[in-house]
Amino acid sequence: MKIIVCVSHVPDTTTKVNVAADGKNIDPAGVKFILNPYDEFAVEEALRLKEKYSGEVIAVSVGSDASKEAIRQALAMGADKGILIKADKSDTFAVAELLANTLKTQGADLILLGKQSIDFDGMEIAPMLAELLDMPAATVVVSLQIEGSTAIAEKEVEGGKEKIALSMPCIISAQKGLNDPRYPSLPNIMKAKQKPIEEIAATASAPRTSVIKMDKPEKKRIGKILQVDGNANAVAQQLAQLLHEEAKVI
Amino acid sequence: MNILIYFEERNGSIRKPSFEAIEAATKLGASSIAAVVASASSASVLNEQAKRAGIAKIFTVDDARFGEYSSKAAAKVIAEAAKAFNADVVIIAATSRGKDLAPRVAVRLAAGYVPDVTNFSVNGSTIHATHPVYAGKANVTMEVTTAVKVFSTRPNLWKAPKELSTNEASVEALSLNLDESDFSDRTKELMLSQGKLDVAEADIIVTGGRGLKGPENWGLIENLATSLGAATGASRAVVDAGWRPHSEQVGQTGKTVSPTLYVAIAVSGAIQHLAGMSSSKTIVAINKDANAPIFAVCDYGIVGDAFEVLPQLTEAINNVRRH
Ligand SMILES: Cc1cc2nc3c(=O)[nH]c(=O)nc-3n(C[C@H](O)[C@H](O)[C@H](O)COP(=O)(O)OP(=O)(O)OC[C@H]3O[C@@H](n4cnc5c(N)ncnc54)[C@H](O)[C@@H]3O)c2cc1C
Ligand SMILES: Nc1ncnc2c1ncn2[C@@H]1O[C@H](COP(=O)(O)O)[C@@H](O)[C@H]1O
């Protein structure tokens with residue numbers, strides 16, 4: 001089975017977000033970049049399927065040289081090779097299109113992604129890729145089984161799960177719960193340094209969206225803090241009154 | 001401006017976030033609003049519901065294969081309806097299905113797309129759409145530069161219209177050729193946890209954190225939730241410990257919620273937790289540590305021991321609600 005995993009290189013979740021001078025991006029100073037956490041679930045799932053059915057796992061990323069780090073991380077987990085599509089990420093659609101152009105020639109049986117990249121939290125690439133490649137897709141998947149040429153995926157939805165049958169080749173985006181990603185062992189980290197990363201130079205098409213501004217959400221919380229001081233009953237009543245009369249939410 | 005809204009159906013009813021999209025459409029200055037449904041439910045049932053929402057027109061598709069939902073096929077239907085209606089804007093509520101559909105529809109219409117919109121501002125023909133990024137630590141405001149624009153709107157932030165319209169919506173059955181390959185992803189089964197309100201849909205949420213010490217104490221959370229008519233949520237620490245199922249987790253790796261009232265009990269307020277709930281209308285925190293970060297983002301807080309406060313609060317709320 002040939003499996004492609006799309007990986008993105010994103011700021012660590014604990015990053016303190018400061019808006020850059022241009023007012024449109026985050027200030028990259030002091031920001032640590034990591035393999036997108038949801039992509040770890042995708043890589044892990046690919047590796048498990050390879051262990052079961054044999055085959056090949058290829059990690060693909062769109063971005064600058066820095067994105068090689070994300071690919072390297074996937075290689076250290078056990079992917080066989082990497083592809084870096086070197087281009088400016090002009091907008092999400094452009095990234096999806098660049099991925100689609102490369103994946104078209106790969107003939108993969110399965111394409112795995114994370115459910116969202118934790119920078120713009122868009123959840124866009126998997127469905128866009130599905131349209132561009134004319135493939136079935138299931139997103140936010142917490143369980144995946146292969147039965148012949150059909151993939152059976154369970155997707156998280158409001159109030160429960162949906163079971164989806166997809167004819168392969170297909171696209172799956174991974175949610176936490178799909179598996180427990182392995183930690184790369186030291187020997188595997190060393191081995192990953194020898195694994196090939198193919199570089200493809202590409203040009204992104206014109207963006208369809210543009211960022212007007214980025215700002216921090218303004219805090220408009222009331223912030224009324226009550227102290228128990230030995231009388232829980234009194235503060236409880238006070239809070240109930242506030243919620244009823246001031247906030248009018250109960 | 002012609003605006004097309006996707007009406008998401010579950011068990012014969014249009015879901016609330018789809019109705020909320022009508023307010024978003026009105027805010028954008030829609031001159032004409034239509035809706036599209038892609039399901040096997042009969043047009044008359046849906047028409048009755050659309051009538052209440054004051055929608056002028058409904059596009060349907062008469063295809064029994066929609067008995068099993070397919071995002072691939074549904075995206076095709078929505079895109080065709082957008083073309084038939086000459087839609088300038090397509091709005092799809094950012095439900096789990098909507099987040100899956102909207103990017104597909106955007107690709108089909110060669111349209112720019114902004115996900116999970118929490119606010120619009122309109123200046124002439126220019127639309128600015130704001131959506132939270134970096135786990136809610138920042139907002140970006142985007143402009144879509146294509147003629148046709150697709151947005152998904154975050155549930156629970158907009159109001160579904162209340163007034164009853166007497167207008168009968170006209171129903172147009174789209175004629176399009178869907179072949180088997182359009183249905184190559186099919187939903188076979190919807191497995192709902194019985195009788196439990198989901199955090200993603202609830203108007204009030206009571207969330208418990210690690211400070212509650214163990215699953216044996218969840219009765220306290222459930223009692224308060226019952227008195228408020230709320231769903232119960234959990235922090236990741238609680239889910240990782242196996243006290244509560246992942247479906248209840250709120251936050252970056254769980255669900256994003258924006259209820260009217262969010263009550264966080266013995267939750268420290270880590271940034272990844274805040275990511276999932278900071279757009280809630282009113283936030284209440286109960287924590288014994290006065291320096292817990294959750295207090296920095298709450299409207300009302302109680303510094304105290306949850307084990308002492310919860311039974312009292314449940315009773316106080318029952319009293320308020322009784323009167
Ligand atoms: C990539 C990543 C993703 C993450 N995603 C999520 C996510 O989706 N959701 C999420 O919630 N977290 C997430 N986290 C974890 C997050 O960083 C925190 O570890 C987690 O939210 C802590 O849960 P907690 O507040 O229940 O526990 P703690 O941080 O241990 O806090 C317990 C709180 O209870 C209070 N307390 C203790 N006893 C009492 C008492 N008797 N009465 C009142 N208060 C009491 C304490 O003062 C403390 O503030 C993520 C982390 C990472 C790295
Ligand atoms: N630049 C990129 N290169 C490769 N894959 C990406 C890139 N950006 C996002 N992805 C993939 O798409 C998923 C969803 O991202 P997004 O739609 O941006 O939230 C991620 O988890 C990755 O698997």
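Residues numbered from 1 in each chain as written. Chains lettered and ligands numbered in written order. Predicted model: local features only at pLDDT ≥ 70, side-chain atom pairs only at ≥ 80, totals over all residues. Heavy atoms only, no water.

A. Looking closely at the site of ligand 1. For ligand 1, the set of nearby residues contains 27 residues, the closest of which are B:R210, B:S235, B:T253, B:S268 and B:Q272. Taken together, the residues near ligand 1 originate from chains A and B. Interatomic distance of 2.9 Å between a side-chain N/O atom of B:Q249 and an oxygen atom of ligand 1. Here ligand 1, which alone exposes 990 Å², has 81% of that area covered by the protein. Among the elements of the structure, helix 6 (236-240), helix 7 (271-277) and helix 8 (306-322) of chain B are those that each provide at least two residues to the shell around ligand 1. When its residues are assigned to classes, the shell around ligand 1 shows seven nonpolar, 14 polar and six charged. (Near = heavy atom within 4 Å. Polar contact = N/O pair within 3.5 Å; in protein donor to acceptor, adjacent residues only side chain to side chain. Areas by Shrake-Rupley, 256 points an atom, 1.4 Å probe, with all protein chains shown as cover. Helix = DSSP H or I, 4+ residues; strand = E, 2+ residues; numbered from the N terminus. Nonpolar A, V, L, I, M, F, W, Y, C, P; charged D, E, K, R; others polar.)

B. Looking closely at the domain arrangement of chain B. Residue and element names in this part refer to chain B. When the domains of chain B are assigned, the result is domain 1 (2-183) and domain 2 (204-322). Domain 1 and domain 2 are separated by 33 Å when their C-alpha centres are compared. Facing six residues of domain 1, the contacting portion of domain 2 comprises six residues. Each partner contributes to the roughly 570 Å² buried at the junction of domain 1 and domain 2, and carbon and sulfur atoms together form 53% of this total. (Domains from an automatic or database assignment. Contact = heavy atoms within 4.5 Å. Buried area = accessible area lost by both parts, 1.4 Å probe.)

C. Representation of the packing of aromatic side chains in the model. Residue and element names in this part refer to chain B. Enumeration over the complete set of coordinates arrives at eight aromatic pairs over all chains. Considering the side-chain rings of F66 and F183, the 5.2 Å spacing of their centres and the 65° angle between planes classify their relative orientation as edge-to-face. Residue F66 is found in the loop between strand 5 (57-61) and helix 3 (71-84), and its partner F183 is found in the loop between strand 12 (170-174) and strand 13 (185-192); the two are separated by 117 residues along the sequence. In this structure F66 comes out as buried when scored by relative accessible area, which is 4%. We classify F183 as buried; its relative accessible area is 3%. Relative to F151, the ring of F120 lies with its centre 5.0 Å away and its plane at 75°, an arrangement referred to as edge-to-face. (Phe/Tyr/Trp six-rings, centres within 6.5 Å; stacked < 30°, edge-to-face > 60°. Buried < 20%, exposed > 50% of the residue type's maximum accessible area, 1.4 Å probe, protein only.)

D. Main features of the interface of chain B and chain A. The partner chain A presents 78 residues to the 89 residues of chain B that form the contact. Taking both partners together, chain B and chain A bury about 7000 Å²; carbon and sulfur atoms supply 57% of that area. The largest contributions to the chain B side of the interface with chain A come from B:Y134, B:K137 and B:Y300, which together make up 12% of the buried area. Scanning the region where chain B abuts chain A turns up eight salt bridges. Within the side of chain B that touches chain A, the residues separate by chemical class into 38 nonpolar, 28 polar and 23 charged. Relative to strand 13 of chain B, strand 9 (residues 160-167) of chain A runs antiparallel, the two being bridged by seven bridges. From the neighbouring strand, A:G160 faces strand 13 of chain B, where its bridge partner is B:L192. (Salt bridge = Lys/Arg side-chain N within 4 Å of Asp/Glu carboxyl O. Pairing = 2+ DSSP bridges.)

E. Region of the structure containing a nonpolar patch on the surface. All names here are of chain A. On the surface, L186, I189 and M190 cluster together to form a nonpolar patch covering roughly 290 Å² of accessible area. In this fold, I189 is placed in helix 5 (residues 186-192). By relative accessible area, which is 32% here, I189 ends up partly exposed. (Patch = residues over 30% accessible without salt bridge, like charges linked within 9 Å, V, L, I, M, F, W, Y side chains within 5 Å.)

F. Geometry of the packing of helix 3 (residues 92-103) of chain A against helix 4 (residues 125-132) of chain A. All names here are of chain A. Relative to each other, helix 3 and helix 4 sit at 50°, their axes nearing to 9 Å. Between helix 3 and helix 4, the interaxial angle falls into the category oblique. In the packing of helix 3 onto helix 4, the handedness of the crossing is right-handed. Seen from helix 3, the contacting residues are T92, F93, V95, A96, E97, L99, A100 and L103; seen from helix 4, they are I125, M128, L129 and L132. Counted by class, the contact of helix 3 with helix 4 contains 10 nonpolar, one polar and one charged residues. (Axes fitted to C-alpha atoms, helices over the stretch in contact; angles between N-to-C directions. Parallel < 35°, antiparallel > 145°, perpendicular 65-115°, else oblique. Left-handed = near helix turned anticlockwise from the far one by under 90°.)

G. Representation of the sheet that holds strand 8 (residues 119-123) of chain B. What the four strands build is an open sheet, ordered 12(A)-10(B)-9(B)-8(B); its pairing is antiparallel. In this open sheet, the two strands that pair with only one neighbour each are strand 12 (209-215) of chain A together with strand 8 of chain B. Adjacent strand axes in the sheet meet at a mean angle of 25°, parallel and antiparallel pairs treated alike. Inspection of the sheet shows strand 8 of chain B paired to strand 9 (residues 126-133) of chain B by five bridges, in the antiparallel sense. Residue pairing across strands places B:N119 opposite B:T130, the latter belonging to strand 9 of chain B.

H. Molecular detail of the environment of A:A153. All names here are of chain A. Structurally, A153 is set in strand 8 (residues 150-157). Taking the relative accessible area as the measure of exposure, A153 reaches 0% and is therefore buried. Residues A153 and S8 lie 145 residues apart in sequence; the distance between their C-alpha atoms is 23 Å. Aside from chain neighbours lying at most four places away, what touches A153 is A138, V141, S143, L144, E162, K163, I164, L166 and I172.

I. Looking closely at the packing of helix 4 of chain A against helix 4 (residues 96-108) of chain B. Closest axis-to-axis distance for the helix 4 of chain A/helix 4 of chain B pair is 8 Å, and the angle between their directions is 45°. On the basis of the axis angle, helix 4 of chain A is oblique to helix 4 of chain B. Handedness of the crossing formed by helix 4 of chain A with helix 4 of chain B: right-handed. Contacts between helix 4 of chain A and helix 4 of chain B pair A:P127, A:M128, A:A130, A:E131 and A:L132 from the former with B:K99, B:D100, B:P103, B:R104, B:V107 and B:R108 from the latter. A per-class count over the contact of helix 4 of chain A with helix 4 of chain B returns six nonpolar, no polar and five charged.

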